[in-house]
Every structure is written in C-alpha cells, then in structure tokens.
Amino acid sequence: YPVITLEKEWTHLETRENLIGKNASEQDALKFSIYANVDENYPATFIWCGDADSVVPPKNTKLMVAALEEKQIPHESYIFPGVDHGVGPGTNTAAEGWINRAVAFWRKESK
C-alpha cells in the first residue's frame, strides 16, 4: 500500500499529516509524492486498487499509471469494481487473484 500522492485532494489526510506535517505546502506534498518522482530508472510496477475505495481515492492509481506511461515504465494496473480499501488477497471480491497476476508480472519483468 504505497502512498502515491500526498496532495490534499487525493490523499488520506491523516497519512499526509503523519508524513509531512499539518502545515506542509502542496509543493512539499508533491516533492514527496511517488508519482511526481517517477523517472526513466523507476522499476517495473504492478499496481491495483478498488473503485469503491473509501479511504484512498482510485485517482491515486490513475496518477501513478499516467506517470509510468509518460516515462515508458513497464507496468500492469487494475481498478477492480466494487472493491474497497485494504482487502488483502481480495478473497471473494473482484480483486481475487491479484497476487497471482502480480507474481506473473514480476516473473515476466525479471527475465
């Protein structure tokens, strides 16, 4: 569960405050947002979320995917319908099987 952005509009505010403080600027937030720091050396990435995430907006995944695509970083992403935040292996949800997909992706990318 990476913290992809610390921008107020798209992050979990308690996490933002814990990581960069209550009075941090949006410039500070961007400085520590993963998606804003993707460069051509970023590793291949598997990422997913649920479209019903009530804690962290799915926009985080979309921001990360856009950054990966911009830098042409190999990636695989999913936004699973009806899935909330923190479902672990996703048993009995649309996300079930994400672990096998991730392992297959990493095996393919590590060759």
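Since we're looking at a predicted model, the values are computed, not measured.

Engineer: Is there a simple way to explain the environment of S25 in this structure?
Structural biologist: With respect to the helices and strands, the residue S25 is situated in the loop between helix 1 (13–20) and helix 2 (26–31). Its relative accessible area of 31% is what places S25 among the partly exposed residues. Within polar-contact distance, the side chain of S25 engages the backbone nitrogen of Q27 at 3.3 Å.

Engineer: Just to check I follow, could you spell out the pairing of strand 2 (residues 75–80) for this structure?
Structural biologist: Walk down a regular strand and you will see the side chains alternate between the two sheet faces. In this sheet, strand 2 lies alongside strand 1 (residues 45–50) in parallel orientation, the contact comprising six bridges. Looking at strand 2, one finds that W48 is bridged to Y78. As for the winding sense of the linkage, the β-α-β connection from strand 1 through helix 3 (residues 59–70) to strand 2 is right-handed.

Engineer: Explain the packing of aromatic side chains here, please?
Structural biologist: Centre distance and the angle of the planes are the two values used to describe a pair of aromatic rings. Evaluated as defined, the whole model comprises six aromatic pairs. Both rings, one in W48 and one in F80, keep their centres 5.5 Å apart while their planes meet at 65 degrees; by these two values the pair is edge-to-face. Placement of W48 in strand 1 and of F80 in strand 2 is noted, with a sequence separation of 32 residues between them. Over the face of the ring belonging to W10 we find K59, whose NZ or CZ atom lies 5.4 Å from the ring centre. A cation sits over an aromatic face here: R101 above Y78, 4.5 Å from the ring centre.

Engineer: What is the right way to look at the pairing of strand 1 in this model?
Structural biologist: Burial of strand 1 is extensive: six of the six residues sit out of reach of the surface. Burial along strand 1 is two-sided: T45, I47 and C49 facing one way and F46, W48 and G50 facing the other are all buried.

Engineer: Looking at this model, I keep getting lost on the nonpolar core. Mind explaining?
Structural biologist: Across soluble globular proteins, nonpolar side chains have a tendency to be buried as a group. Residues I4, Y35, V38, I47, L63, M64, V65, A67, L68 and I73 constitute the largest nonpolar core, which totals 10 residues. Ranked by residues supplied to this core, first place goes to helix 3 with five residues. When neighbours within four sequence positions are excluded, I4 is seen to be in contact with S33, I34, Y35, I47, N60, T61 and M64. Counting eight residues, the second-largest nonpolar core is a separate cluster that includes W48, V83, W98 and F105.

Engineer: When you look at a nonpolar patch on the surface in this model, what are you seeing that I'm missing?
Structural biologist: On the surface, I99, V103 and W106 cluster together into a nonpolar patch covering about 260 Å² of accessible area. Position of I99 among the secondary structure elements: in helix 4 (residues 98–109).

Engineer: Honestly, the layout of surface pockets in this entry has me stumped. Any pointers?
Structural biologist: The probe, sized like a water molecule, is rolled over the atoms to show the empty space still left. A volume near 630 Å³ is recorded for the largest pocket. Listing elements by their share of the lining of the largest pocket, those giving two or more residues are strand 1, helix 3 and helix 4. Top element by residues in the lining of the largest pocket is strand 1. It accounts for six residues. Across the lining of the largest pocket, the residue classes break down as 16 nonpolar, 10 polar and two charged.

Criteria and thresholds
Residues numbered from 1 in each chain as written. Predicted model: local features only at pLDDT ≥ 70, side-chain atom pairs only at ≥ 80, totals over all residues. Heavy atoms only, no water. Helix = DSSP H or I, 4+ residues; strand = E, 2+ residues; numbered from the N terminus. Buried < 20%, exposed > 50% of the residue type's maximum accessible area, 1.4 Å probe, protein only. Polar contact = N/O pair within 3.5 Å; in protein donor to acceptor, adjacent residues only side chain to side chain. Pairing = 2+ DSSP bridges. Right-handed = clockwise from strand over helix to strand, strands pointing away. Phe/Tyr/Trp six-rings, centres within 6.5 Å; stacked < 30°, edge-to-face > 60°. Lys NZ or Arg CZ within 6 Å of the ring centre and 35° of its normal. Core = buried A, V, L, I, M, F, W, Y, C linked by side-chain atoms within 4.5 Å. Contact = heavy atoms within 4.5 Å. Patch = residues over 30% accessible without salt bridge, like charges linked within 9 Å, V, L, I, M, F, W, Y side chains within 5 Å. Areas by Shrake-Rupley, 256 points an atom, 1.4 Å probe, with all protein chains shown as cover. Salt bridge = Lys/Arg side-chain N within 4 Å of Asp/Glu carboxyl O. 1 Å grid on protein atoms, 1.4 Å probe; cavity = no way out; pocket = protein on both sides within 12 Å on 5 of 7 lines; lining within 4 Å. Points joined across faces, edges and corners; volume = space filled by probe spheres on them. Nonpolar A, V, L, I, M, F, W, Y, C, P; charged D, E, K, R; others polar.

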